[in-house]
Every structure is written in structure tokens, then in C-alpha cells.
Amino acid sequence: MAAAAGGSGGCWFLALALGVSLLKCLLIPTYHSTDFEVHRNWLAITHNLPVSQWYYEATSEWTLDYPPFFAWFEFALSHVAKYFDQEMLVIQNLNYSSQATVFFQRLSVIFTDILFVYAAHECCRYVNGKRPGKELLEKPMFVLAVLLLWNFGLLIVDHIHFQYNGFLFGLMLLSVARLFQKRHLEGALLFAVLLHFKHIYIYVAPAYCVYLLRSYCFTENKADGSLKWSSFSFLRITLLGLIVCLVSALSLGPFAVLGQLPQVISRLFPFKRGLCHAYWAPNFWALYNAVDKTLAVVGIKYKFLDPEKIPKASMTGGLVQEFQHTVLPSVTPLATLICTFISILPSVFCLWFKPQGPRGFLQCLILCALSSFMFGWHVHEKAILLAILPLSLLSVESPKRAGIYLILTTTGHFSLFPLLFTPPEIATKILLMLLFTVYSFSSLRALFRKEGPLLNWLETIYLIELVPLEIFCEIVFPLTPWKLKFPFIPLLLTSVYCAVGITYAWLKLYVSVLTESVTVRQKAE
């Protein structure tokens, strides 16, 4: 398989990469969100101010709230940006978006995606080759390459909505590939660097910690597959510790010297923002909020509740950041932390007591990402990509995983639709998702044609119902009188309906991982 990825296989992979790059270029003139201004502001901050002021500057509401490595990344970009338009680097030029600025920022995302392309190539080399297929289009590595490079969610979030997730996911996938190659220290280094670029990846840190401790620091197993405690290597854990400490010192050291660590941490973890983002991410808390709203409506109708005592934003503001629960208990950051911790424990225990090598690690990583998405504090809807992209690697190796992937991907991608709400982008997002979804279903079904259907009838009906939901949200609802009184209804329906599918996919994957039979092999060495 590795040979196929190089040599003759390199031509088709290069064609896929160039094709999607061309599509990204065509998306340059499209709508961009406030994240565009966020990154322009960060360019200006890091270019004009000394390091000591980066995490204090607050001229714009979009203050710097990413870890230091990303700040240095913006600093490096700013020195290229000045050759396109100096005005974008003026801190006071809020919401500045000249054609040169748009071109530069869009192009910077496309260029940095080179790392994601390389990481996808490395991952494709380690696809299980049990189903090689007669034709190139039916080879697992080709299908995986398309699922990664042409991922719909990544396309619209980075190249329309605007963010820099591509090269960050590239770092994560490359670290996964290095662990598959038994290059543990490189994998650990890449992940440590990634954490200091964007701290959201701390969601999957438990999977890395347990896997590296179990499979790298302990060098042998007993005959029955259980851990041989005497094989613990102090040298190896020291090397891992050095990597973590050195990367952390390089990132946070300057701010520790300046006595600014508390300020940096307060920017990275803004718990005052509230339980949910402005648009409810389709997770457990979306269902919780919906139940609370339903109970409140019923309570008012049957006079169990006094309308005047109900928080105004709770009933009329719709999807706001500061969501106050009316009937159900309000949720604190500590409560979400406990729920998240409990939800990832089974996957971590499974990785420790039922080791399955790198693929077991990958399963744990996906479950950690999903569990954190389900129960985390102030989760963004875009965080679902943290589970979708790595699950792509497993989808081409197992029909069971392929079915879960189709549910999670279709539902997760649909939940991103509200990010693109301007009329010109409606056709674009629908067309791109249709193309990616049809390819995902057809290619995975062809890959496992001898295994029977990938989805049962109930799962199929659930996914088909996304079509009338989209018709209602985009066409029917704007024509109703509800639009003025309850403008948040389409967002609420999308969030709650998708939360059901994502919760189902999470539970199905968990049950599959915990119940499947495991053949534990003793290490050769």
C-alpha cells in the first residue's frame, strides 16, 4: 500500500489535491464570517504591538484568545500581509476588508493547507489493504483521500466561513500517522505543538496520554496480553516529559517571565461566555436546552409558571450565548467538566485494558472528541470536525465503522448549514454537501458491497428527513409570520434534530468499541 501511495499512486493523489485547491480558489469571493475580522485583527495586534501587549489589547471585541504558537503564526503572516495591503495591519481599522485583504487571507488558508494534504497522504499509506478493489476508484486509499481532501465541512468552514483549521487538522492527522509508523516521539511532539496552536485539541489529549504510556513507556505484555509492569521504561517517559516541557516552555515561557500566564489562561478559557455558543452546537446541551424551553412553554400555558418571572432572553431571545434555564437546573462549567470526564472514561479504560494498537488509539481519540463535543462548555458547532476527520480513516476499513461515519458525517455536516446564511451561498453549500454525501455513500457501499447495507431502515429514514427540514428552514419558514416573532426556530430545529443523530452515532460507536471481541497479541519484543 505504501508503494501505491508513492510511484504511480502519487499522480491521482496529486490530481485530487490540485482539484480541491482549484475549488478553494473559486471560493475566494464568497461570503466570510466575523472570523475573517478576528484574524485580521490578530494580524494587526501581533504586527504592531510588543509580545507583552498581545493578550491585553482590546480595541476590538475580537481579542486574541488562541495559544501563543498561533499568535506567532499570525505574526509571521503579518510580515507577508504588509506587501498586499498595509491598512489591514492597522489595529483601529475595524472590519477592514479590501480586495487585497480578502485575497491575502483566503490565499493564506489555501497555502497552509499544504500541511493537511501531506498529512492526508501519510494517512492513506496506512489504510488496511484487505479490500484492494480492481479499480482505482474502489481502492480504500483512494476513497480515504477523497473523504479527507474534499471534506465538505472543512471546505465551508475554512474557505467560505473562514478559519485556519486545515493545517491544524494536518498536524493532528500527521501525529496519528506517526503513531501508526511507531514513531512515537514524533507523534508526541506534533501533538504537543498542536496544543499550543489551538487548545481545543485538549479534548483528545487523554487518548494520546494513555496510548503513549501504555504502548510506548511499557515495552512488553504478558502472554495473556495484560501489562507487564516490570517493562516500564523510565527513559521513555522522561523523553516524553522533555518534549512536553520544552514545547510548553517555548510557547508559554515568555509570558511566564512577564508574569502574564494568568492573563493568557483567562483568554484561552473564557468561562464567562456561557454554556452554549450563539448557535447551539448539536450536542447533549442542545437537547437539554430544548427540553427546558418546551417545559417553560407548557408551564406558562397551563399556568404552572409566571411569565413575568421567566428570564426574557430565555423565552424570546432564542439562541444566545448567555442562556438562562427556566425549569431545569442551570449548568455550570464544573458540571460540564464532570460530565465530559465521565463520558470519556470508558474509552480510556478500553484503550488501557484492551489495547488494539494504533487503531485502538484512533477509536479512543474519536470517542474523546465526540464525548467532549457532547458535554463540553461553550462548544462550537465546528468542533464536530474533530471527530469526523479521524473517523474517515476507520470508515474505509470496516462496514460497521462506515455506517457510523455516514450518520455522523451527514448529520454533522448538515448542522454546519446555519454558518452560511446569506442567499448567494445557499446553492453552493447544498451542492457541495450533496456531491460529498453522494460520493461518501456510493464509494463506501461499493467498498463493502458484500457486507450488506451499511445503514438500517430507521437510520436511512432519519437521514432522508434532513431534506424536508432544510426545505422548511430555507423556503417555508421565511414565508410564515413566525419569522419576525421567532427568528431562531430554524436554528433550533436544525440543532436539536442533528443532536439526535450525533448522539446516536456517538452511542453506537461506543457500544461497538466496548463490545467487539479483541484478540490481544503479545509484542514481538
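Residues numbered from 1 in each chain as written. Predicted model: local features only at pLDDT ≥ 70, side-chain atom pairs only at ≥ 80, totals over all residues. Heavy atoms only, no water.

1. Here's the deal with the pattern of salt bridges
Here comes step 1: A full pass over the atoms with the stated rule returns eleven salt bridges.
Here comes step 2: E122 is the partner of R125 in a salt bridge, and the nearest nitrogen-oxygen pair spans 3.2 Å.
Here comes step 3: Judged by relative accessible area, E122 falls into the buried class, the value being 4%.
Here comes step 4: Residue R359 is joined to E397 by a salt bridge in which the shortest nitrogen-to-oxygen separation is 2.7 Å. Placement of R359 in helix 17 (residues 357–375) and of E397 in the loop between helix 18 (385–395) and helix 19 (399–414) is noted, with a sequence separation of 38 residues between them.
Here comes step 5: On the accessibility criterion, R359 (29% relative accessible area) is partly exposed.
Here comes step 6: The network of salt bridges with shared partners includes E122, R125, R178, R183 and E186. (Salt bridge = Lys/Arg side-chain N within 4 Å of Asp/Glu carboxyl O. Buried < 20%, exposed > 50% of the residue type's maximum accessible area, 1.4 Å probe, protein only. Helix = DSSP H or I, 4+ residues; strand = E, 2+ residues; numbered from the N terminus.)

2. Comments concerning helix 12 (residues 234–257)
The α-helix advances 3.6 residues per turn, and as a result positions three or four apart in sequence lie on the same side.
Here comes step 1: Across its 24 residues, helix 12 extends only 30 Å between first and last C-alpha, which sits more than 12% below the 34 Å expected from 1.5 Å per residue.
Here comes step 2: Along its length, helix 12 reaches its greatest deviation from straightness, about 50°, at S251, and the proline P254 lies no more than four positions downstream.
Here comes step 3: Among the residues making up helix 12, those that are buried are L240, I243, V247, S251, G253 and F255.
Here comes step 4: Those residues of helix 12 that are buried are in contact with helix 4 (68–81), helix 10 (184–195), helix 11 (205–217) and helix 13 (261–268). (Expected span 1.5 Å × (residues − 1). Bend = angle between axes of the 7 residues up to and from the residue. Contact = heavy atoms within 4.5 Å.)

3. Side note on unusual backbone geometry
Here comes step 1: Within the chain, F162 stands out as a residue other than glycine whose phi angle is a positive 95°.
Here comes step 2: Structurally, F162 can be placed in helix 8 (residues 152–162).
Here comes step 3: Residue classification places F162 among the buried positions, given a relative accessible area of 0%.
Here comes step 4: Despite not being glycine, H378 shows a phi value in the positive range, around 55°.

4. Topic: the confidence of the model for the protein
Here comes step 1: Mean pLDDT for the protein: 89, with 89% of residues reaching 70 or above.
Here comes step 2: Note that residues 1–8 has pLDDT below 50 and, in this model, 13 contacts with residues that lie over four places away or in other chains.
Here comes step 3: Long-range and interchain partners of residues 517–525, a stretch whose pLDDT sits below 50, account for 14 contacts in this model, where long-range means more than four residues apart. (pLDDT = per-residue confidence, 0-100.)

5. Notes on the environment of S248
Here comes step 1: Looking at the element boundaries, S248 is found in helix 12.
Here comes step 2: We classify S248 as partly exposed; its relative accessible area is 23%.
Here comes step 3: Taking the C-alpha atoms as reference points, S248 and P68, 180 residues apart in sequence, are found 9.9 Å from one another.
Here comes step 4: In terms of polar contacts, S248 uses its side chain to reach the side chain of H196, at 3.3 Å. (Polar contact = N/O pair within 3.5 Å; in protein donor to acceptor, adjacent residues only side chain to side chain.)

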